[in-house]
Every structure is written in C-alpha cells, then in structure tokens.
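Analysis of the macromolecular model
Okay, here's what each chain looks like letter by letter:
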Amino acid sequence: MRQTLVMGNWKLNGSKAMVSELITALKAPAAESDKVAVAVCPPVLFLGQAEAELADSQIALGAQDADVNTSGAFTGENSPAMYKEFGVKYVLVGHSERRTLHGESDAVVAAKFAAVLEQNLVPVLCIGETLEQFEAGETQSVVEAQLQAVIDQCGIEALGRAVIAYEPVWAIGTGKTATPEIAQGVHSAIRGFLAKQNANVAAGVQILYGGSVKGDSAAGLFAMADIDGALVGGAALKADEFAAIIRAGA
C-alpha cells in the first residue's frame, strides 16, 4: 500500500515570520493521520529555520532544486550534500519552472536526480507537458521521454528510491486543474510505462499530482487508484487550505 504524500512547494515566497507561523499551523493537521505523509519545501534561505521549527513535528523538509556538484566554484548553487546538513529528505528536480525559466533539459534533470540520489536523499522528479503538447495529444510521449532520460542515466531501479510528480504545465498557477479522470489516465500511463521495465518499481513508486491542487479538489484526485498525493504550490502557503488537502488524504 502506497502512503499518500502531500508536499508543499513554497517557491520564491516566505519570510522568517511566515515560516514560523505556517509550520506552527501545520503541525496538528500533519499529525492527525499516519495515512498521510507531509513535507514542505521552503526557499533555501529558510532551510535552517525550517529545520529548527520542524524538529518536534511529523513534517519532512524538502528543497526546491539542487546542483549536480557537491562543492566547488559554482556561485549561487546549493548541493545535495549541503542539504543533508539541514535534515532535508526530499529534493525537487525538474520542476516545470526550472525547465521553462532556466532551460533545464531532460539530461540536466537526470544529472540532478543522480546527484540527489548519491547523497541518499529522495529526488522528487517533476514531469509534465505544456498546453501546446497537451492539445496536440503528446502528453504520454513527453512524460515518457522525461522519465526515460532518468532511467538511461540512473537505471529503472533508481525510481524505486524516488517520488514522481506529474505536473501538467497548463494547470500550474492558472487555476485550471485536470479532472481526476484526466490526471488518473496520465498517472496510470506513467505506471504502465515503468511496469514494462520493472513491475515492482512501478507498483511501489509514489506518483503525485501537481496542478493547482486545492482543498476542494484534493479528495477527488486522491480517490483515483494511481494518484498517491499532491505537490502543492499556491495553496501550500495558506495553512487552512493546505490542511484541507492533508485531511483529504487521510
């Protein structure tokens, strides 16, 4: 049985006060049910504060991106090895905003995935299609190519130590959400693609949905057989809304 995972990606948002207030408000809902695991990914500047604030909670800590290097002359970057110093468990790789705004290719994402795994952290591999690709019926070929790039570099077994987040780019920050049936169809196709290479990995890997999930849409999504939780953006910054998403998975 795959545990539901609800992960908040705070993106470029936050302050010292907000980190404290939001984490304090989320501790109780995160502890209500062992059926749901909860994680938050604050901006890197707040990882130290978040680590301290989360010390007496059941909420895991995540990071939003990682460099492929452990150390060196790479100004502005943050390595997976450094994240370990702050108690980070999860690291997002290949988020659609990194792919589109920073030009990260499938090969770059695969290299970051490998670097995160090398430090025994859990990569959260973000995959998904643009509106143009969705309308052209290319969803499956796009997500399969994104997955295959990681498989080619790290092997199919590596995905057994990771989380996958399907995020249709056309549903991020737009207020649009794929229906549960549309999302389930893609999640099922992802699991089927993996099963052709390793049935055990396919059966065990958590596949999150990440497209403008809200408190009132989460229950319908989580009821689907192959949707194992959510990667939440804007709603993760609102304690009541994020708590509703957590409770929807209980």
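Scroll up to find the structure.
Let us look at the structure shown here. (Residues numbered from 1 in each chain as written. Predicted model: local features only at pLDDT ≥ 70, side-chain atom pairs only at ≥ 80, totals over all residues. Heavy atoms only, no water.)

Quick look at the pattern of salt bridges
Tallied over the entire structure, the rule returns 12 salt bridges. One salt bridge connects glutamate 104 with arginine 98, and the closest N-O pair in it is separated by 3.0 Å. Residue aspartate 106 pairs with arginine 99 through a salt bridge whose shortest N-O separation is 2.8 Å. Several salt bridges share partner residues, and in doing so they unite Arg2, Arg191, Asp226 and Asp228 into one network. (Salt bridge = Lys/Arg side-chain N within 4 Å of Asp/Glu carboxyl O.)

Here's the deal with the nonpolar core
Counting 66 residues, the largest nonpolar core has Leu159, Ile190 and Leu194 as the members making the most contacts within it. Of the residues forming this core, the biggest block, six residues, is contributed by helix α1 (residues 16-30). Look past the residues within four positions of isoleucine 190 in its chain and what remains in contact with it is Ile127, Val143, Leu147, Ile164, Tyr166 and Ile207. In terms of nonpolar packing, the next biggest core, distinct from the first, is built from 15 residues, Met7, Cys41, Tyr90 and Leu231 among them. (Core = buried A, V, L, I, M, F, W, Y, C linked by side-chain atoms within 4.5 Å. Buried < 20%, exposed > 50% of the residue type's maximum accessible area, 1.4 Å probe, protein only. Helix = DSSP H or I, 4+ residues; strand = E, 2+ residues; numbered from the N terminus. Contact = heavy atoms within 4.5 Å.)

Quick notes on the pairing of strand β2 (residues 36-41)
With six of six residues buried, β2 lies mostly within the body of the structure. When strand β1 (residues 4-9) meets β2, the two strands line up parallel, connected through six bridges. Directly across from leucine 5, in β2, lies its bridge partner alanine 37. For the crossover from β1 across α1 to β2, the handedness is right-handed. For the segment spanning β2, helix α2 (residues 47-53) and strand β3 (residues 59-63), crossover handedness is right-handed. (Pairing = 2+ DSSP bridges. Right-handed = clockwise from strand over helix to strand, strands pointing away.)

Quick notes on unusual backbone geometry
With a phi close to 55°, lysine 11 is a non-glycine residue in the positive phi region. Summarising the element assignment, lysine 11 is placed in the loop between β1 and α1. Look at serine 212: it is not a glycine, yet its phi comes out positive at around 55°. By the secondary structure assignment, serine 212 is in the loop between β7 (206-209) and α10 (215-222).

Considerations on a nonpolar patch on the surface
On the surface, Leu131, Phe134 and Ile182 cluster together into a nonpolar patch covering about 210 Å² of accessible area. With respect to the helices and strands, isoleucine 182 occurs in helix α8 (residues 180-195). Overall, isoleucine 182 belongs to the partly exposed group, its relative accessible area being 35%. (Patch = residues over 30% accessible without salt bridge, like charges linked within 9 Å, V, L, I, M, F, W, Y side chains within 5 Å. Areas by Shrake-Rupley, 256 points an atom, 1.4 Å probe, with all protein chains shown as cover.)

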